[in-house]
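Summary of the model geometry
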Amino acid sequence: MDTIRVLLVDDSPFMLEMLKAALNIPGIEVCGTANNGQSAIDIYPILKPNLVTMDITMPDMDGLICSENILGIDDQARIIIISSMLDEALQKRGQAIGVKAFIQKPVNPDDLLFAIRSLFADQSESLSLEYYARNLSFALQKNLMLMANLNSSIDMAPTKKFRLDSSGIAIIIGITGSKKGKATLDLSPVTAKAIATKIFGHEQLSEDAVINAITEYFNISCGHCNSNINNSFQDIELRLTPPSVAIGDDMNLPKLVELEYEIIITTDSGTMKVNLELSGDGENGC
Amino acid sequence: MDVNLINPFLEAIRDVMPQLGFNQVERSKLTIGERELSGKGVTIIVGLSEGANGNVAYNMTRDAACRIASTMMMGAPVPELDEMAKSAISELGNMLTANAATQLSNKGLSVNISSPSLIIGSDFRVKISSTKYLNMELTIDSISLELLIAIET
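An account of the accompanying structure is given in this report. This is a predicted model, so every value here is computed, not measured. (Residues numbered from 1 in each chain as written. Chains lettered and ligands numbered in written order. Predicted model: local features only at pLDDT ≥ 70, side-chain atom pairs only at ≥ 80, totals over all residues. Heavy atoms only, no water.)

Observations concerning the overall build of chain A
From N to C terminus, chain A includes 8 helices and 13 strands. Taken over the C-alpha atoms alone, chain A extends approximately 65 × 45 × 35 Å along its principal axes. Here chain A holds 286 residues, and 53% of them are scored as buried. Looking at chain A alone, contacts between residues at least 24 apart form 68% of all its contacts between residues at least 6 apart. (Helix = DSSP H or I, 4+ residues; strand = E, 2+ residues; numbered from the N terminus. Buried < 20%, exposed > 50% of the residue type's maximum accessible area, 1.4 Å probe, protein only. Contact = heavy atoms within 4.5 Å.)

Okay, structure coming up:
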């Protein structure tokens, strides 16, 4: 994808700096800032940004009025409302105008990047295995931080291996609905224990408690991934099946389809692998 | 677990297996399992969602898997569980569960199924439910197959 050029609209110099910092990543360029509604409307046709982030409360006008004006200039304008107040009424008003996304302050950079990716994905991409893998990676990373306060790095690529040699615990969650597939999280008992210890905050954990914690982490992550995808694609509705867990010292899970994605999550507490399979039409699975 | 949810799975086996070249399906023991089941060597898991939620597993020895794959491949010898045999066995799990899902849908319980997962190993256990599951022992042309069902509406 080409660089996404962003116009930031906010009357707070602090917020503008925060947003600039959050968007200081490859593929995104902050092409301009405006500290009130009228400047944003004036500068939009000159800069022709791909995306606008819009504050609501500004001295000269409401961010929604400003958005309406910008959409009057360019009905394809992509606008993300970034506001400290974010209730349902405001979202409804925004959606009626044509605003695509809403984020509440303080802004979590991951949420912002995710909203941006989703905004651009639904136009330029269909739901591919790679797109799902990217979403799942994001959810896995985010929930690892939320639940276990663990930083992680992600490696994601189609796997050439013909089977997943299990490290001891394999958690399988099926994907149904508009697509059919499954995701398998594999990790060693030592890694599972270390991550569960982080989640619970203590070490006195039975094997069951460890496995339940990791299973819940994976289930929540897959759930978030599916919700995000369902929200991003009008014609897609994905569901999950309840997790099943295989535990053993000697087991492997053969790859059954041509293309699988492998996501490797590296943390200080150990490494986890997710193998992902997703195929065309899941209607009734036949 | 509702017995009306179980019958479609047995019916699916009775319906599909003859189409794959098997002659006789016999049902022997029916037991309730708790917690984990012990993998016999080859286990196929398929998830269900929507009208009924849960997992179904097909558990068999490596030898049984080879014999089933052999029959599915028109009697071609299957001395070991190679790629083709694994593919055949996982397709069996897919077909049986899809057939059962169709029957459940015909009863007004719309069910979707996931892709099958195949687990192969000499030492593993599988948890398909957080509570109980039903274990139906079947003999298909003298080959033992365990059908494990853990679904809820």
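Picking up where we left off.
What about the pattern of salt bridges?
Here the structure, examined in full by the defined rule, presents 17 salt bridges over all chains. The salt bridge partner of D208 of chain A is R35 of chain B, with a shortest N-O separation of 2.7 Å. Of this pair, D208 of chain A sits in helix α8 (residues 207-232) while R35 of chain B sits in the loop between β1 (25-34) and β2 (37-38), placing the two residues on different chains. Overlapping salt bridges, with partners in common, bring together E207 and D208 of chain A together with R35, E36 and R125 of chain B in one network. (Salt bridge = Lys/Arg side-chain N within 4 Å of Asp/Glu carboxyl O.)

Here's the deal with the layout of surface pockets
Approximately 910 Å³ is the volume attributed to the largest pocket. As for the largest pocket, its lining consists of 27 residues, and the residues nearest its centre are A101, F102, A115, N228 and N231 of chain A. Listed by contribution, the elements that provide at least two residues to the lining of the largest pocket are β5 (101-104), α5 (109-124), α6 (129-148) and α8 of chain A. The element best represented in the lining of the largest pocket is α5 of chain A, accounting for 6 residues. Along the lines of polarity and charge, the residues of the lining of the largest pocket split into 12 nonpolar, 11 polar and 4 charged. In this structure, the second largest pocket spans a volume of roughly 370 Å³. Taken together, 21 residues form the lining of the second largest pocket, with P242 and P243 of chain A together with I128, S129 and S130 of chain B sitting closest to its centre. Of all the secondary-structure elements, those providing two or more residues to the lining of the second largest pocket are α8 and β11 (244-254) of chain A together with β4 (53-60) and β8 (143-152) of chain B. (1 Å grid on protein atoms, 1.4 Å probe; cavity = no way out; pocket = protein on both sides within 12 Å on 5 of 7 lines; lining within 4 Å. Points joined across faces, edges and corners; volume = space filled by probe spheres on them. Nonpolar A, V, L, I, M, F, W, Y, C, P; charged D, E, K, R; others polar.)

Quick word on the packing of aromatic side chains
Residue and element names in this part refer to chain A. Within this structure, the stated rule accounts for 1 aromatic pair over all chains. Between F114 and F138 the ring centres are 4.4 Å apart and the planes differ by 15°, which places this aromatic pair in the stacked class. Residue F114 is located in helix α5, and its partner F138 is located in helix α6; the two are separated by 24 residues in the primary sequence. Pair check on accessibility: F114 and F138 agree, each one buried. (Phe/Tyr/Trp six-rings, centres within 6.5 Å; stacked < 30°, edge-to-face > 60°.)

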